[in-house]
Amino acid sequence: MAKVSFNKAFCKSCGLCIGVCPKHIISISESEINSKGYFVAEVLEMDKCIGCAFCATMCPDCVIEVEK
Amino acid sequence: MAIVFEKPKMLTDKPTHYCPGCTHGLAHILTAKAIDKLNAKKVIGVAPVGCAVFAYEYFNCDMQEAAHGRAPAVATGIKRVIPDAIVFAYQGDGDLASIGMAEIVHAAARGENITVIFVNNAIYGMTGGQMAPTTMIGQKATTCQSGRDVALNGYPIHVSEMLSQLQGPCYIERVACYDVKHIKQAQKAIDKAFQNQVEGRGFSMIEILATCPTNWGMSPQDSLKYVEDVMCKVYPLGVYKDTTKEEA
């Protein structure tokens with residue numbers, strides 16, 4: 001069981017995390033906007049996460065923390 | 001559950017001002033992680049002029065802002081006065097390869113015991129996407145709108161290749177961060193560059209091929225693809241100089 005958490009205030013909606021996720025579970029939210037005005041990245045099916053930390057490695061803004 | 005990935009201690013909690021998808025952030029993280037591993041008592045960074053001008057806000061150590069292009073000269077001064085400190089210069093391509101060309105060449109030739117992180121995105125990012133010395137032939141920029149023309153603008157400068165011809169530098173490598181594998185390779189290169197400084201081996205420079213989605217006019221994803229397909233062909237990745245191997 002792995003868990004990723006997003007520091008949503010830092011997210012800039014660039015989508016680089018989406019491109020590297022091997023399980024394709026990250027998406028850009030269609031409803032949640034942060035204080036900078038960006039639609040934030042989110043994981044809807046957390047139980048599919050394998051904790052590879054590819055998303056966190058790729059994120060240029062250190063938004064993602066991964067626990068495994 | 002154990003934490004697999006978290007923010008490096010060497011970065012402050014300030015959100016960066018970089019555009020979405022800009023790999024300057026990755027370069028910051030890789031540098032910060034490398035410094036974290038050293039457990040150094042004193043770390044002093046030198047910030048450039050360019051997109052990374054506010055690097056002093058993001059690194060959780062003493063920082064000095066240098067005049068445009070003069071970061072290696074300032075780093076030289078700091079390192080000579082405080083030899084125990086870990087000193088690094090963080091520069092972009094407009095800063096290092098254009099106005100700061102003299103400083104980087106002479107710092108490298110003197111073999112100063114500093115680490116230089118050189119972020120090459122082949123364009124002037126902060127000022128609005130003008131042609132830089134590293135802009136590739138045929139690449140469009142606001143000051144060469146039909147692509148860089150050799151007859152008019154000459155050839156791009158390959159900084160790593162050029163500096164590796166000097167006798168002074170200890171370690172010069174070009175890395176990219178367009179996927180996870182290459183980010184890990186970049187991390188190893190930057191770790192080694194800082195380790196060289198700790199061991200007093202002399203000048204190390206890591207050139208990171210970075211993206212500029214805003215001024216390239218691409219999405220962040222397409223920019224990464226552009227680095228992989230186009231930039232890596234013009235600027236081949238690899239170790240250009242490594243005197244640590246020759247000694248062994």
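A few points on the structure. Since the model is a prediction, treat every value here as computed from it, not as a measurement.

Some thoughts on the overall build of chain B
(1) Moving on: When you go through chain B residue by residue, the secondary structure sums to 11 helices and 8 strands.
(2) Moving on: Relative to its length of 248 residues, chain B is compact, with a C-alpha radius of gyration of 17 Å against a globular reference of 18 Å.
(3) Moving on: Dimensions of chain B, computed from the C-alpha atoms along their principal axes, are close to 50 × 50 × 35 Å.
(4) Moving on: The buried share of chain B, taken over its 248 residues, is 56%.
(5) Moving on: In chain B, once contacts between residues fewer than 6 apart in sequence are set aside, the share between residues at least 24 apart is 68%.
(6) Moving on: Summed over its atoms, the accessible surface of chain B is roughly 10,200 Å², and 54% of this surface lies on carbon and sulfur atoms.
(7) Moving on: For chain B, the distance from the average position of its 23 positive side-chain charges to the average position of its 24 negative side-chain charges is 3 Å.

What to know about helix α1 (residues 24–38) of chain B
Residues and elements named next belong to chain B.
(1) Moving on: An ideal rise of 1.5 Å per residue puts 21 Å on 15 residues; α1 measures up with 22 Å between its terminal C-alpha atoms.
(2) Moving on: The buried fraction of α1 amounts to 12 of the 15 residues, a majority that puts the element mostly inside the structure.
(3) Moving on: Restricting attention to buried positions, one finds in α1 the residues His24, Gly25, Leu26, Ala27, His28, Ile29, Leu30, Thr31, Ala32, Ala34, Ile35 and Leu38.

Some words on the nonpolar core
Residues and elements named next belong to chain B.
(1) Moving on: Counting 60 residues, the largest nonpolar core has Phe59, Phe88 and Phe194 as its most contacted members.
(2) Moving on: Looking at this core element by element, the count peaks at 8 residues for α1.
(3) Moving on: Once residues lying within four places of it in the same chain are set aside, the contact partners of Phe194 are Thr31, Ala34, Ile35, Leu38, Ile86, Phe88, Thr115 and Ile117.
(4) Moving on: In terms of nonpolar packing, the next biggest core, distinct from the first, is built from 23 residues, Ala107, Ile114, Val159 and Met205 among them.

Focus on the pattern of salt bridges
(1) Moving on: The tally for this structure, following the rule as stated, stands at 15 salt bridges over all chains.
(2) Moving on: Glu67 of chain A is paired through a salt bridge with Lys3 of chain A; the nearest N and O atoms lie 3.8 Å apart. One end of the pair, Glu67 of chain A, is in strand β4 (residues 64–67); the other, Lys3 of chain A, is in strand β1 (residues 3–6), and 64 residues separate them in sequence.
(3) Moving on: Look at Glu67 of chain A and you get buried, because its relative accessible area is 17%.
(4) Moving on: In this structure, Lys48 of chain A engages Glu45 of chain A in a salt bridge whose closest nitrogen and oxygen atoms are separated by 3.1 Å.
(5) Moving on: One network of salt bridges, with partners in common, ties together Arg80, Arg110 and Glu112 of chain B.

Rules behind the numbers
- Residues numbered from 1 in each chain as written.
- Chains lettered and ligands numbered in written order.
- Predicted model: local features only at pLDDT ≥ 70, side-chain atom pairs only at ≥ 80, totals over all residues.
- Heavy atoms only, no water.
- Helix = DSSP H or I, 4+ residues; strand = E, 2+ residues; numbered from the N terminus.
- Rg over C-alpha atoms; globule rule 2.2 N^0.38 Å.
- Buried < 20%, exposed > 50% of the residue type's maximum accessible area, 1.4 Å probe, protein only.
- Contact = heavy atoms within 4.5 Å.
- Areas by Shrake-Rupley, 256 points an atom, 1.4 Å probe, with all protein chains shown as cover.
- Lys, Arg positive; Asp, Glu negative; His and termini not counted.
- Charge placed at Lys NZ, Arg CZ, Asp CG, Glu CD.
- Expected span 1.5 Å × (residues − 1).
- Core = buried A, V, L, I, M, F, W, Y, C linked by side-chain atoms within 4.5 Å.
- Salt bridge = Lys/Arg side-chain N within 4 Å of Asp/Glu carboxyl O.

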